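Here is what each chain is made of, one letter per residue.
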Amino acid sequence: MTRIVLLAGMFALLSVPPAFAQQAPTDDPVALAPIRLGAFGVDPHVSLTNFGFDTNVFNTVSDPQRDFTFTLSPGTDVFLRTGRGLVSLSGGVEFVYFQEFDTERSVNSNARGQYEFRFNRIRPYASASTLNTKQRPGYEIDVRARHYETDFHAGTDVRFMSKSTARLDLRHMRYSFAGDAAFGGRPLNQELNRTLQAADLSWRQRLTALTTWITHLSRETERFEFEAARNSDSFRVSTGVELGRFALIRGSAFVGYRKLKAADGGSIPEFSGVTADADVSYTAPTQSRLSVAVDRDVQYSYDIKTPYYIQTGWTATLT
């Protein structure tokens with residue numbers, strides 16, 4: 001226990017930037033990085049989460065199994081200015097440990113890279129990210145299934161006035177499961193492997209130094225690798241606020257509308273309704289932090305008889 005407490009303290013020190021960094025411009029990640037060398041900035045971070053006992057390791061209705069577990073997640077963000085360009089690289093590894101049930105242990109990884117040109121009014125960019133994880137893909141599937149995500153973005157920001165910015169973003173995402181991943185007698189790769197393509201248009205209006213109002217419009221197409229009947233097209237609109245990292249209340253909160261319908265040849269029922277995506281936190285002067293996350297959106301089911309469902313949930317965390 002002493003070792004764990006000491007490590008947790010060290011991790012906290014690594015993750016807190018020095019006080020003078022708060023005076024740096026918030027759109028320059030190199031200036032905000034705790035470790036800086038000229039045009040080069042590094043932000044290391046480590047977290048220890050889910051430390052304790054999982055009272056139902058396999059999410060079973062009867063005979064729940066108990067085990068000691070923790071998750072250790074080291075990672076690093078690296079930034080480099082190249083004239084008018086900015087290189088952003090981030091990556092991390094997640095070690096999930098279970099004392100008795102070694103089948104539930106896993107090593108997961110994520111990586112992301114982006115390059116953007118920072119002209120006076122136009123900032124074109126391109127990015128790519130990958131995720132390799134053996135965690136539950138949602139609340140419906142109880143097994144920890146190995147799955148992969150690859151995500152590509154390309155677009156540009158255009159500043160019209162000192163406080164107004166428009167963004168055009170094109171993205172391509174691939175979502176797939178390992179061949180041996182199964183649940184309820186169904187191979188998850190056969191049911192859920194899919195590709196998403198989308199075009200997003202957004203407007204950002206800075207209201208204060210720490211508050212930005214954002215409106216999104218999005219057109220999405222999702223195509224399944226083995227289940228063409230699930231293919232769908234979606235239209236989204238949402239609006240909300242983004243709060244700066246140094247605000248008393250920080251994070252983002254959006255509410256929107258989504259209309260989903262079957263693509264040509266598809267047979268899924270149509271959906272139209274409210275969506276939500278919020279993740280905000282409040283830090284009190286006593287070094288306590290309250291975080292609240294709310295989510296409502298369409299989630300695809302592993303069961304073709306119910307091709308999708310509406311998931312609504314919230315999480316509150318006191319630290």
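About the cut-offs
- Residues numbered from 1 in each chain as written.
- Predicted model: local features only at pLDDT ≥ 70, side-chain atom pairs only at ≥ 80, totals over all residues.
- Heavy atoms only, no water.
- Helix = DSSP H or I, 4+ residues; strand = E, 2+ residues; numbered from the N terminus.
- Rg over C-alpha atoms; globule rule 2.2 N^0.38 Å.
- Buried < 20%, exposed > 50% of the residue type's maximum accessible area, 1.4 Å probe, protein only.
- Contact = heavy atoms within 4.5 Å.
- Areas by Shrake-Rupley, 256 points an atom, 1.4 Å probe, with all protein chains shown as cover.
- Lys, Arg positive; Asp, Glu negative; His and termini not counted.
- Charge placed at Lys NZ, Arg CZ, Asp CG, Glu CD.
- Pairing = 2+ DSSP bridges.
- Polar contact = N/O pair within 3.5 Å; in protein donor to acceptor, adjacent residues only side chain to side chain.
- 1 Å grid on protein atoms, 1.4 Å probe; cavity = no way out; pocket = protein on both sides within 12 Å on 5 of 7 lines; lining within 4 Å.
- Points joined across faces, edges and corners; volume = space filled by probe spheres on them.
- Nonpolar A, V, L, I, M, F, W, Y, C, P; charged D, E, K, R; others polar.
- Salt bridge = Lys/Arg side-chain N within 4 Å of Asp/Glu carboxyl O.
- Core = buried A, V, L, I, M, F, W, Y, C linked by side-chain atoms within 4.5 Å.
- pLDDT = per-residue confidence, 0-100.
- Patch = residues over 30% accessible without salt bridge, like charges linked within 9 Å, V, L, I, M, F, W, Y side chains within 5 Å.

Peer 1: Before we go on, may I ask you to explain the overall build of the chain in this structure?
Peer 2: On a plain count of helices and strands, the chain comes out with 3 helices and 17 strands. Relative to the compact-globule value of 20 Å for 319 residues, the chain shows a C-alpha radius of gyration of 21 Å, a close match. For the chain, the spread of C-alpha atoms along the principal axes amounts to about 55 × 55 × 35 Å. Here the chain, with 319 residues, has 33% of them falling under the buried criterion. Relative to all contacts within the chain whose residues are 6 or more apart in sequence, the contacts with residues 24 or more apart total 50%. As displayed, the chain offers around 18200 Å² of accessible surface, 59% of which is attributable to carbon and sulfur atoms. Taken together, the 35 basic and 34 acidic charged side chains of the chain have centroids lying 7 Å from each other.

Peer 1: I would appreciate a short explanation of the pairing of strand β16 (residues 289-300) in the present structure.
Peer 2: For a regular strand, side-chain orientation follows a simple rule: the groups alternate between the two sheet faces. Looking at chain direction, strand β15 (residues 271-283) and β16 are connected through 8 bridges and run antiparallel. Each residue of the ladder has a partner; that of V280, found in β16, is V292. As defined by bridge partners, β16 adjoins strand β17 (residues 308-318) across 11 bridges and the pair is classed as antiparallel. Along β17, the bridge assignment pairs Y300 with Y308.

Peer 1: Sorry, what's going on with the environment of S301 here?
Peer 2: Secondary-structure assignment places S301 in the loop between β16 and β17. In the structure, S301 is positioned 163 residues away from G138 in sequence and 9.4 Å away in space, judged by C-alpha atoms. Other than its neighbours up to four places away in sequence, S301 contacts E140, L192, R230, T306, P307, Y308 and Y309. One polar contact links S301 to E140, side chain to side chain, over a distance of 2.6 Å.

Peer 1: Mind showing me how you'd approach the layout of surface pockets here?
Peer 2: Space left empty within the atom packing is revealed by a probe, the size of a water molecule, rolled over the atoms. Roughly 330 Å³ of volume is contained in the second largest pocket. Residue lining of the second largest pocket: Y139, S291, V292, A293, T315, A316 and T317, and that is the complete set. Looking at the lining of the second largest pocket, the elements with two or more residues in it are β16 and β17. For the lining of the second largest pocket, a count of residues per class yields 4 nonpolar, 3 polar and no charged.

Peer 1: Would you mind showing me how to read the side chain of S164 here?
Peer 2: Note on placement: S164 falls in strand β8 (residues 164-177). Beyond its immediate chain neighbours, meaning those up to four positions away, S164 contacts V158, R159, W203, R204 and Q205.

Peer 1: Just checking my understanding: could you explain the pattern of salt bridges for this structure?
Peer 2: Where charged atoms of side chains with opposite charge meet at close range, the side chains can pair. Taken as a whole and assessed by the stated rule, the structure comprises 20 salt bridges. In this structure, R118 engages E116 in a salt bridge whose closest nitrogen and oxygen atoms are separated by 3.4 Å. Ionic pairing is found between R223 and D233, a salt bridge with its closest N-O pair at 3.1 Å. Of this pair, R223 sits in strand β12 (residues 211-224) while D233 sits in strand β13 (residues 232-243), and the two are 10 residues apart along the sequence. Each of the salt bridges in this network shares a partner with another, and the network as a whole consists of R171, R194, D200, E220, E222, R236, R258 and D297.

Peer 1: I'm lost on the nonpolar core in this one. Help?
Peer 2: Nonpolar side chains in soluble globular proteins tend to be buried together. Ranked by size, the top nonpolar core spans 16 residues in total, and within it I141, F177, L188, L192, L260, Y300 and Y308 carry the most contacts. Broken down by secondary-structure element, the contributors of at least two residues to this core are β8, α3 (188-192) and β16. The residues contacting L188, other than those within four sequence positions of it, are I141, A145, F177, A181, A182, F183, N193 and Y302.

Peer 1: I tried to follow the side chain of S73 on my own but got confused; where do I start?
Peer 2: By the secondary structure assignment, S73 is in strand β3 (residues 67-82). What S73 contacts, discounting residues up to four positions off in sequence, is H45, V46, S47, V93 and E94.

Peer 1: Help me understand the confidence of the model for the chain in this model?
Peer 2: Note: predicted coordinates in regions of low pLDDT should not be interpreted at a detailed level. Mean pLDDT over the chain: 90, with 92% of residues reaching 70 or higher. Low confidence marks residues 1-25, where pLDDT is under 50. Its contacts with residues over four positions away, or in another chain, come to 21 contacts.

Peer 1: Even after reading the chapter, I still don't get a nonpolar patch on the surface, so can you show me in this structure?
Peer 2: A grouping of L248, I249, Y282, L290, V292, V294, W314 and L318 is seen on the molecular surface, where their side chains present a nonpolar patch of about 810 Å² in accessible area. Put simply, the parts of the chain that give the nonpolar patch at least two residues each are β16 and β17. Here the element with the most residues in the nonpolar patch is β16; it accounts for 3 residues. With respect to the element layout, V292 can be found in strand β16. Judged by its relative accessible area of 31%, V292 falls in the partly exposed class.

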